[in-house]
Amino acid sequence: MKFATITAERETLYGAITDAGFTALSPQFAHWPSLRDVIAAGGLHDLARAAQGHAPTHPPDSFTYQIPIPSPEKIICVGVNYPDRNAEYKDGVEAPPNPSLFIRFPRSFTGHNQPLIRPRASDQLDYEGEIAVIIGKGGRHIAQEEALNHIAALSLTNEGTLRDWVRHAKFNVTQGKNFDRSGAMGPWIVPFTHPAQIEDVRLTTRVNGEIRQDDRTGRMIFPVARQIAYISTFTTLVPGDIIVSGTPTGAGARLDPPQFLEPGDVIEVAAEGIGILRNTVEDE
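Residues numbered from 1 in each chain as written. Predicted model: local features only at pLDDT ≥ 70, side-chain atom pairs only at ≥ 80, totals over all residues. Heavy atoms only, no water.

S.K.: Any chance you could explain the overall build of the protein here in plain terms?
M.R.: The helix and strand tally for the protein stands at five helices and 18 strands. The C-alpha radius of gyration of the protein comes to 18 Å, within 12% of the 19 Å expected for a compact globule of 284 residues. Dimensions of the protein, computed from C-alpha atoms along their principal axes, come out at roughly 55 × 45 × 30 Å. Buried residues in the protein amount to 54% of all 284 residues. The long-range fraction of contacts in the protein, counting pairs at least 24 apart against all pairs at least 6 apart in sequence, stands at 75%. Here the protein has roughly 12,600 Å² of accessible surface; of this, 49% comes from carbon and sulfur atoms. (Helix = DSSP H or I, 4+ residues; strand = E, 2+ residues; numbered from the N terminus. Rg over C-alpha atoms; globule rule 2.2 N^0.38 Å. Buried < 20%, exposed > 50% of the residue type's maximum accessible area, 1.4 Å probe, protein only. Contact = heavy atoms within 4.5 Å. Areas by Shrake-Rupley, 256 points an atom, 1.4 Å probe, with all protein chains shown as cover.)

S.K.: Explanation requested: the nonpolar core in the structure shown.
M.R.: Nonpolar side chains in soluble globular proteins tend to be buried together. Counting 48 residues, the largest nonpolar core has Ile6, Ile131, Ile151, Leu154, Val224, Ile228 and Leu261 as the members making the most contacts within it. When residues of this core are assigned to their parent elements, the largest contribution, four residues, is made by helix α5 (residues 224–234). For Val224, the contacting residues outside a window of four places in its chain are Val133, Leu148, Ile151, Ile198 and Ser245. Counting residues in hydrophobic clusters, the runner-up holds 28 residues, among them Leu44, Ile75, Cys77 and Phe109. (Core = buried A, V, L, I, M, F, W, Y, C linked by side-chain atoms within 4.5 Å.)

S.K.: Is there a simple way to think about the side chain of Thr5 in this case?
M.R.: Locating Thr5 in the fold gives a position in strand β1 (residues 2–8). A polar side-chain atom of Thr5 sits 2.7 Å from the main-chain carbonyl oxygen of Pro68. Residue contacts for Thr5: discarding those within four places in its chain leaves Thr12, Leu13, Tyr14, Leu35, Thr64, Tyr65, Gln66, Ile67, Pro68 and Pro70. (Polar contact = N/O pair within 3.5 Å; in protein donor to acceptor, adjacent residues only side chain to side chain.)

S.K.: Just to check I follow, could you spell out helix α2 (residues 44–51) for this structure?
M.R.: Because each turn of an α-helix spans 3.6 residues, side chains separated by three or four positions in sequence point in the same direction. Among all positions in α2, only Leu44, Leu47, Ala48, Ala50 and Ala51 are buried. Looking down the long axis of α2, one finds its buried residues gathered within 165° of arc, a one-sided arrangement. The exposed residues of α2 that point more than 90 degrees off its buried face are His45 and Arg49. Summarising the contacts, the buried residues of α2 are in contact with β1, β2 (11–18), α1 (35–40), β11 (151–158) and β13 (183–191). Looking one or two residues past α2, Gly53 carries a phi angle of roughly 80°, positive in sign. (Arc of directions from axis to C-beta.)

S.K.: What is the right way to look at the sheet that holds strand β14 (residues 202–207) in this model?
M.R.: Through backbone hydrogen bonds, the strands of a sheet pair up, either in parallel or in antiparallel fashion. Taken together, the five strands give an open sheet; going across it, the order is β8-β18-β17-β14-β15, and neighbouring strands pair in mixed fashion. At either margin of the open sheet sits one strand with a lone partner, and together these are β8 (115–118) and β15 (210–216). Along the sheet, successive strands turn relative to each other by an average axial angle of 20°, direction set aside. (Pairing = 2+ DSSP bridges. Axes fitted to C-alpha atoms, helices over the stretch in contact; angles between N-to-C directions.)

S.K.: Hey, could you run me through the pattern of salt bridges in this one?
M.R.: Once their charged atoms are close, side chains differing in charge can pair, the charge on each being opposite to the other. Enumeration according to the criterion identifies 16 salt bridges in this entry. Each of Arg104, Asp126, Glu128, Glu159, Arg163 and Lys177 takes part in salt bridges that share partners, so that together they form one network. (Salt bridge = Lys/Arg side-chain N within 4 Å of Asp/Glu carboxyl O.)

S.K.: When you look at α5 in this model, what are you seeing that I'm missing?
M.R.: When we look at burial in α5, the residues that qualify are Val224, Ala225, Gln227, Ile228, Ala229, Ile231 and Ser232. Buried positions along α5 lie against β5 (75–79), β6 (100–103), β10 (129–135), β11, α4 (196–199) and β16 (242–244).

S.K.: Explanation requested: the pairing of β11 in the structure shown.
M.R.: Within a regular strand, the side chains alternate between the two sheet faces. Burial runs high along β11: eight of the eight residues are buried. Pairing of β10 with β11, which is carried by seven bridges, proceeds in the antiparallel orientation. What sits directly across from Ile131, in β11, is Leu156. Where β11 and β13 come together, five bridges link them in antiparallel fashion. Within β13, the residue paired with Asn158 across the bridge is Ala184.

S.K.: What's the story with the environment of Leu277 in this structure? I'm lost.
M.R.: Structurally, Leu277 is set in strand β18 (residues 275–283). Counting along the chain gives 253 residues from Leu277 to Ala24, while the straight-line C-alpha distance between them is 21 Å. Apart from residues lying up to four places away in sequence, Leu277 is in contact with His112, Leu156, Thr157, Asn158, Ala184, Met185, Gly186, Pro187, Ile267, Glu268 and Val269.

S.K.: Before we go on, may I ask you to explain the packing of aromatic side chains in this structure?
M.R.: Two descriptors summarise a pair of aromatic rings, namely the distance from one centre to the other and the angle between the planes of the rings. Counting across every chain of the model gives six aromatic pairs. The interplanar angle of 0° and the centroid separation of 5.4 Å between the aromatic rings of Phe29 and Trp32 together place this pair among those described as stacked. One exposure class covers both Phe29 and Trp32, and it is buried. Seen from their ring centres, Tyr230 and Phe234 are 6.3 Å apart, and the 75° between their planes marks the pair as edge-to-face. Here Tyr230 pairs with Phe234, and both are found in helix α5, just four residues apart, close to one helical turn. Judged by its relative accessible area of 24%, Tyr230 is partly exposed. A relative accessible area of 51% places Phe234 in the exposed class. (Phe/Tyr/Trp six-rings, centres within 6.5 Å; stacked < 30°, edge-to-face > 60°.)

S.K.: What exactly am I supposed to notice about the pairing of β8 here?
M.R.: Across the two faces of β8 the burial is the same, with Pro115 and Ile117 and Leu116 and Arg118 all buried. Here four bridges tie β8 to β18, and the two strands are oriented parallel to one another. The residue of β18 that forms the bridge with Arg118 is Asp283.

Any functional reading would require information beyond the geometric quantities listed.
Okay, structure coming up:
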């Protein structure tokens, strides 16, 4: 079962997605205003039961995808989390003992099939395909061996980055990671029920049909369970928080010569068991 947040006729709804279209479920669950509230209440199973046997309320081309979890309290991103990504830096430094982290704001993401926006301030918009982990059960000091029990669902992210702006200062990348609608998230969330959904799945990114990134989550330097345990040491994770778990080698900035995104490009981030997140590019 897949659940999405969409807009249709100026109304925002959440519900189930199938090849036949979208089934609105939010009118039946008005006490849960958004998928974030559904997750906080442990209600994904209730949505799944309600969706069974219902015909779609909206055919495939009649709605617009939004990011699945509106207004999460935190979006925490993990950087340099695949061995080849560490080697791309060519600084001779071994993988660090702890994850590199940074924060993104919800406004920096757009939904599936929506354009990424290349801002007026830079022509160095780049792609980074990643798996997004949505927290279902919050907590502090979560043990690594228990961490996967705190996941509610998975999604996909194109963690779009303005490469020159991540180098505007010495120790941070916040500016280059948070331009409005420079990244994307979605199309939907897939409930998390088994470790096999995250422990070793193939993750790819295609640009105009060409595979640019291709790796498996089993090669992460810091597996998702380690990420959750580490992050929960310094901040309380709450339902609906999102951890963007890291991107493989192959981003445009690291190609020779660099290949940044341009208007009209089509980027597809795909992961086994989750789906495909597709976006185009437009200028601001």
